[in-house]
Amino acid sequence: MSTAVAEKIDDDLWAAIGDPTRRRMLDLLLMEGDGTATTLSQRMPVTRQAVAKHLGVLDRVGLVRATPAGREKRYRVDDAQLARAVAQLSSVGSAWDARLRRIKRIAEAIQRTQPD
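Residues numbered from 1 in each chain as written. Predicted model: local features only at pLDDT ≥ 70, side-chain atom pairs only at ≥ 80, totals over all residues. Heavy atoms only, no water.

Draft legend 1. Up close: helix α6 (residues 79-113). Here α6 spans 51 Å end to end across 35 residues, near enough to the 51 Å set by a 1.5 Å rise per residue. Looking at α6, one finds that the buried residues are Gln81, Ala85, Gln88 and Ala95. (Helix = DSSP H or I, 4+ residues; strand = E, 2+ residues; numbered from the N terminus. Expected span 1.5 Å × (residues − 1). Buried < 20%, exposed > 50% of the residue type's maximum accessible area, 1.4 Å probe, protein only.)

Here you go:
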């Protein structure tokens, strides 16, 4: 991966996305448009308190935005930050594809030089 690509990677963002519970929450928010810790906890195998903590992590990295809704907060996915995450993933994927192609060429070259 080039230095320019490495500098663009947001480790906190990827740590947040790396958790399967948070990915499921993002999926639910994308499907439903928005939700609260209570409404999300009804669709997940974790407590409302756990959902609230996960939403806090997603909010800190900017993947969701909270707006007050009575006694709770209503969360919505931040499209711009999600697009940034997708762009980073694409960039990392391209860099790894290039590395793997290079490793394959090296392995093939070594294999050609080996006696049968």
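Draft legend 2. Broad picture of the nonpolar core. Ranked by internal contacts, the top residues of the largest apolar core, which has 20 residues, are Met25, Leu29, Leu40, Leu55, Leu58 and Leu63. Excluding residues within four positions of it along the chain, leucine 29 makes contact with Asp34, Gly35, Leu40, Leu55, Val64, Tyr75 and Val77. (Core = buried A, V, L, I, M, F, W, Y, C linked by side-chain atoms within 4.5 Å. Contact = heavy atoms within 4.5 Å.)

Draft legend 3. Just the packing of aromatic side chains, in detail. For the coordinates displayed, the defined rule picks out 0 aromatic pairs. Looking at arginine 99, its charged tip hangs above the ring of tryptophan 96, at a distance of 4.4 Å from the centre. (Phe/Tyr/Trp six-rings, centres within 6.5 Å; stacked < 30°, edge-to-face > 60°. Lys NZ or Arg CZ within 6 Å of the ring centre and 35° of its normal.)

Draft legend 4. Examining the layout of surface pockets more closely. Size it by volume and the largest pocket reaches roughly 150 Å³. Forming the walls of the largest pocket are Trp14, Ile17, Arg23, Leu26, Asp27, Leu30, Leu82, Ala85, Val86 and Leu89. Residue assignment for the lining of the largest pocket shows that the elements contributing at least two residues are α2 (11-17), α3 (20-32) and α6. Its residues assigned to classes, the lining of the largest pocket shows 8 nonpolar, no polar and 2 charged. (1 Å grid on protein atoms, 1.4 Å probe; cavity = no way out; pocket = protein on both sides within 12 Å on 5 of 7 lines; lining within 4 Å. Points joined across faces, edges and corners; volume = space filled by probe spheres on them. Nonpolar A, V, L, I, M, F, W, Y, C, P; charged D, E, K, R; others polar.)

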